[in-house]
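Each chain, written out:
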Amino acid sequence: MSPSASTPAPVAGRGRTRFTGWVFVLPFAVTFALFMVWPIVQGLWMSFTDESLTLSGTDFVGFDNYAEAFADPDVWSSLGNTVFFTVITVVPLVVVALAMALLVHSGLAGQWVWRLAFFAPYLLPVSVVTIIWSWLYQPDLGMANQALDKLGMEPIGWLSDEAFAMWSIAALTVWWTVGFNFLLYLAALQSIPDQLHEAAALDGAGAWRRLFSITLPQLNRTTALVAMLQVLASLKVFDQIYILTKGGPNNSTRPILEYIYDVGFTGYRLGYASAISYLFFALIIIISIAQLRFFPRQEG
């Protein structure tokens, strides 16, 4: 080994390297601090005060806002709506996406058409999606009730009946967002080595046997990822519900984020709204940790 190969780099050179690295990191670090770290800190402080849009002064109230949130029935009802929405959307968003990916991966004719049809709704903005589905759910002229009329059934208040409103929004959400999960599953299917299926076929395994013994086990990590992403996304539901029902009828579809919005910007209680939001944030952290425990990372 030559002497130069074992000679350490000059200290001045390493100092310049560190300085150059900080120069590249600084713009992102400043932006992250201004628009992420500072709002989090400010919001946490606000949750311990009685800050309001209608009051000029602000007093420190300690944990009063948090105690009120735990005793507030509207917090629990809106949280229950959020959990219910999450339960009825996550399962179909996983199962339907997997079925769509398997259908396309099977070599169906006109694959580009199917891929476009399955993924295109995901590209639409929420305003367009809600307009489309509000037309479908129209009580008199909507296609959904027209179909029921042809079947000799009574019309349904898809967005005005408490028994159907949340399910209607869930159907909209599945149609709108399932395309992203479909792409994840399709990419995972294409990464499975063909030799595994060929060897199983030579051993006499049929299509269903190969599906349950090879394909689905190979998709475990993708399924865990899709489930985690969808649980977090469904817990944060707001846009489509606010546009379609404003949380109605009778607050039966109001999620926790809409209640936080109502408290902060309709009731003007920013401190109380901040406390609820941080309690919800803590719940999301707990659920995320539980999911990581439930879906351990698989190596290899």
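The sections below set out a description of the structure shown in this document. (Residues numbered from 1 in each chain as written. Predicted model: local features only at pLDDT ≥ 70, side-chain atom pairs only at ≥ 80, totals over all residues. Heavy atoms only, no water.)

Next up on the list: the overall build of the protein. The helix and strand inventory of the protein stands at 14 helices and 0 strands. By the compact-globule yardstick of 19 Å for 300 residues, the protein is too spread out, its C-alpha radius of gyration being 26 Å. By principal-axis analysis of the C-alpha atoms, the protein measures approximately 90 × 75 × 30 Å. Restricting the contact set of the protein to residue pairs at least 6 apart, pairs at least 24 apart contribute 67%. For the protein, the exposed surface amounts to about 18400 Å²; the carbon and sulfur share of it is 69%. Positive and negative side-chain charges of the protein, numbering 14 and 19 respectively, have mean locations separated by a distance of 19 Å. (Helix = DSSP H or I, 4+ residues; strand = E, 2+ residues; numbered from the N terminus. Rg over C-alpha atoms; globule rule 2.2 N^0.38 Å. Contact = heavy atoms within 4.5 Å. Areas by Shrake-Rupley, 256 points an atom, 1.4 Å probe, with all protein chains shown as cover. Lys, Arg positive; Asp, Glu negative; His and termini not counted. Charge placed at Lys NZ, Arg CZ, Asp CG, Glu CD.)

On to the nonpolar core. Generally speaking, a soluble globular protein has its nonpolar side chains buried in company with each other. Counting 33 residues, the largest nonpolar core has Phe182, Tyr185, Leu219, Tyr272 and Ile276 as its most contacted members. If you list the elements that add at least two residues to this core, you get α4 (73–105), α8 (165–190), α11 (220–235), α13 (256–266) and α14 (270–294). With 10 residues, the single largest contributor to this core is α4. When neighbours within four sequence positions are excluded, Leu219 is seen to be in contact with Leu98, Tyr185, Ala188, Leu189 and Ile192. (Core = buried A, V, L, I, M, F, W, Y, C linked by side-chain atoms within 4.5 Å. Buried < 20%, exposed > 50% of the residue type's maximum accessible area, 1.4 Å probe, protein only.)

Below, the discussion takes up the packing of aromatic side chains. Under the criterion given, the structure shown has 21 aromatic pairs. Taken together, a centroid distance of 5.5 Å and an interplanar angle of 70° make the contact between Tyr242 and Tyr261 edge-to-face. Remark: Tyr261 occurs in helix α13 and Tyr242 occurs in helix α12 (residues 239–244); sequence separation between them is 19 residues. On the basis of relative accessibility, which here comes to 32%, the residue Tyr261 falls in the partly exposed class. An aromatic cluster of at least three residues, connected via ring pairs, comprises Trp45, Phe48, Phe60, Phe63 and Tyr66. The ring of Tyr242 carries the charged tip of Lys246 above its face, separated from the ring centre by 4.9 Å. (Phe/Tyr/Trp six-rings, centres within 6.5 Å; stacked < 30°, edge-to-face > 60°. Lys NZ or Arg CZ within 6 Å of the ring centre and 35° of its normal.)

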